[in-house]
Amino acid sequence: MTRFSYHISHEQFPPGELLQLVQEAEAAGFDGAFSSDHLQPWAPAQGHSGFAWAWLGAAMQATKRLQFGVISVPGGWRYSPAVLAQAVATLGVMFPGRLPWVALGSGQAMNEAVSGQPWPEKAERNARLKEGAEIMRALLAGETVTHRGRVSVVEARLWSRPEQATRLVGAATSEKTAEWLGGWADGLLTVGTEPETLKRTIEAFRRGGGEGKPVYLKVDLCLAATEEEALRQAHEQWRFNLLGSDVNWELRSPAQFETAARFVQPEDMRQAVRISADPAAFVDWLGECAALGFESIDLHNVGTGQRAFIEAFGARVLPALRG
C-alpha cells in the first residue's frame, strides 16, 4: 500500500513551527515526512530556510513512527558527498529504519552556487551527481574511498554506519533524466500532478534499467476554506515553481525568482497545483497516482493553512485512500 507523507516546507515556515507541524501530522495519521534541503527560500516573502539535516535529527527525536525523506545534492558544491554520507549514516545509526531513502539531484544555482565554484551546464551537473552518489554508496557500504574526478575525496571513511542500508534515489522532472537514472539509482523521485505524465516518467525509468526499483512522488496541492482562497494562496506562495526547469536551475537569488514570476497569473497555478476547498476532491486523483505503483507520495499543501490541511486530510482523505 502506498504511504503518504507530509511535506516539510523549510522555505515557507520556521523550523520550530515545522517541528510542531510534523508532530501533528503524525498524530493525524500521516506515514512520513519529506523535505527539500535549501539554502534560500524561493522568494523573499517566504522568508525562511532552515537547515534540513539539523532539523531531521530533532524531528526524529520528536516523533515515534514516521519515516523521513530528504532531497539534497552530492555534487561537491555546498556539500562533499562524504559529508552527506556521514549525515545519512549518523541518522541511520541513531534512528534505525526512519530514513529509508534520500533523493539526490543535480542542484540549483540558488542553493549551490554559493560555494563560489562555476555553475556548469546540466550535462556536467548530472555527471557530478552520479559521481557523488557513487562515492556516497561506497562510503555507506563501509569502503575507504579515494576518488579524484569531477568530485574528489581522499581516504574518506565512515566510522559510524547503520546496519540498515539507505536507498540513494535519483530525482527527475523529465523522461530523459528518469531513463538515465534507471541504470544507477536505487529508485526514482519525481514530481507532478497528471497521472498520464507520471506514467510516462515511470516507464522511462523502467526502460533505462529501473525495473523493480521503487518510485516516489511529490505532489503540490492547495486546500483552503474556499476555492478562490486556495487559488490565491497557491499563487502567492508557489508561483515561482511554474517557471520551468531551465529557469529554476539557473536563477541565483530569491529576488530573481520573484522578478521572473511576475507574469504568472493565479489561473496558471492549475497547471501544476491541484486546488480545491473540498478535501474529498483529492481522493480520486491521489488514488490514480497511487495506482501507478508509487511506494510513497509526498503531499505538499503549498498554502499557509497547514493545520487545517493536516486535520482535513487526516480525517477524510487518508482513511479514504486506505480503504
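Scroll up for the structure.
So, here's what we can say about the structure.

Conventions used here
- Residues numbered from 1 in each chain as written.
- Predicted model: local features only at pLDDT ≥ 70, side-chain atom pairs only at ≥ 80, totals over all residues.
- Heavy atoms only, no water.
- Helix = DSSP H or I, 4+ residues; strand = E, 2+ residues; numbered from the N terminus.
- Buried < 20%, exposed > 50% of the residue type's maximum accessible area, 1.4 Å probe, protein only.
- Contact = heavy atoms within 4.5 Å.
- Areas by Shrake-Rupley, 256 points an atom, 1.4 Å probe, with all protein chains shown as cover.
- Lys, Arg positive; Asp, Glu negative; His and termini not counted.
- Charge placed at Lys NZ, Arg CZ, Asp CG, Glu CD.
- Patch = residues over 30% accessible without salt bridge, like charges linked within 9 Å, V, L, I, M, F, W, Y side chains within 5 Å.
- Salt bridge = Lys/Arg side-chain N within 4 Å of Asp/Glu carboxyl O.
- Core = buried A, V, L, I, M, F, W, Y, C linked by side-chain atoms within 4.5 Å.
- 1 Å grid on protein atoms, 1.4 Å probe; cavity = no way out; pocket = protein on both sides within 12 Å on 5 of 7 lines; lining within 4 Å.
- Points joined across faces, edges and corners; volume = space filled by probe spheres on them.
- Right-handed = clockwise from strand over helix to strand, strands pointing away.
- Pairing = 2+ DSSP bridges.
- Disulfide = S-S within 2.5 Å.
- Expected span 1.5 Å × (residues − 1).

## Looking at the overall build of the protein chain
- Of regular secondary structure, the protein chain possesses twelve helices and eleven strands.
- Taken along its principal axes, the extent of the C-alpha atoms in the protein chain is 55 × 40 × 40 Å.
- Across the 323 residues that make up the protein chain, the buried fraction comes to 54%.
- Contacts in the protein chain between residues far apart in sequence, at least 24 positions, make up 75% of those at least 6 positions apart.
- If you sum the accessible surface of the protein chain, you get close to 13500 Å²; carbon and sulfur atoms cover 51% of it.
- In the protein chain, 31 side chains carry a positive charge and 37 a negative one; their mean positions are 5 Å apart.

## Looking at a negative patch on the surface
- Together, Glu196, Glu203, Asp284 and Glu288 give the surface a local cluster of negative charge.
- Breaking the negative patch down by element, the ones donating at least two residues are helix H7 (195–210) and helix H11 (281–290).
- With respect to the helices and strands, Glu288 occurs in helix H11.
- You can call Glu288 partly exposed: its relative accessible area is 46%.

## Things to note about the nonpolar core
- Membership of the largest hydrophobic core comes to 74 residues, with the highest contact counts inside it found for Phe68, Leu286, Ile297, Leu299 and Phe313.
- Not counting chain neighbours up to four residues away, the residues in contact with Leu286 comprise Val219, Ile297, Leu299, Phe313, Val317 and Leu321.
- Membership of the second largest hydrophobic core comes to 19 residues, among which are Leu231, Leu243, Val264 and Met269.

## Points about empty space enclosed by the protein
- Summed over all chains, the structure comprises one cavity of 30 Å³ or more.
- Volume-wise, the largest cavity comes out at about 110 Å³.

## Concerning the pairing of strand S4 (residues 101–104)
- By the alternation rule, side chains of S4 split into Trp101 and Ala103 and Val102 and Leu104, which are all buried.
- For the crossover from strand S3 (residues 67–72) across helix H3 (residues 81–94) to S4, the handedness is right-handed.
- As judged from the four bridges shared by S4 and strand S7 (residues 167–171), these two strands associate in the parallel manner. Each bridged residue has a counterpart across the sheet, and for Ala103 the counterpart in S7 is Val169.

## Regarding unusual backbone geometry
- The phi dihedral of Glu155 falls on the positive side, at around 50°, and the residue is not glycine.
- Looking at the element boundaries, Glu155 is found in strand S6 (residues 153–156).

## Focus: the environment of Ser35
- Looking at the element boundaries, Ser35 is found in strand S2 (residues 32–36).
- When the C-alpha positions of Ser35 and Ile71 are compared, they lie 6.7 Å apart, and in sequence the two are 36 residues distant.

## Description of the state of the cysteines
- This structure, assessed with the given rule, holds zero disulfides.
- Take Cys289: it sits in no disulfide, and the sulfur closest to it among the cysteines is that of Cys222, at 17 Å.
- Classification of Cys289 as buried rests on a relative accessible area of 0%.

## Re the pattern of salt bridges
- The full count for this structure, using the stated rule, is 20 salt bridges.
- Put simply, Asp31 and Arg322 hold a salt bridge, and the shortest N to O gap is 3.0 Å. Placement of the pair is Asp31 in the loop between helix H1 (15–28) and S2 and Arg322 in helix H12 (residues 306–322), with a sequence separation of 291 residues.
- Between Asp37 and Arg78 there is a salt bridge, and its shortest N-O distance comes to 3.6 Å. Taken together, the residues Asp37 in the loop between S2 and helix H2 (52–62) and Arg78 in the loop between S3 and H3 connect sequence positions 41 residues apart.
- For Asp37, a relative accessible area of 5% corresponds to the buried category.

## Comments concerning helix H8 (residues 227–238)
- Taking 1.5 Å as the rise per residue, H8 with twelve residues should run 16 Å; its terminal C-alpha atoms sit 16 Å apart, in good agreement.
- All of the buried residues along H8 are Ala230, Leu231, Gln233, Ala234, His235, Gln237 and Trp238.
- In this structure, the buried residues of H8 make contact with strand S9 (215–223), strand S10 (274–276) and strand S11 (296–301).

## A short note on the pairing of S11
- When you tally the buried positions in S11, you get six out of six residues, the bulk of the element.
- Residues Ser296, Asp298 and His300 of S11 are buried on one face, and the alternating residues Ile297, Leu299 and Asn301, pointing to the opposite face, are buried as well.
- By the bridge criterion, four bridges tie strand S1 (residues 3–8) to S11 in an arrangement that is parallel. The partner of Ser5 across the bridge, within S11, is Asp298.
- With six bridges connecting them, S9 and S11 associate as parallel partners. Note that in S11 the partner of Lys218 across the bridge is Asp298.

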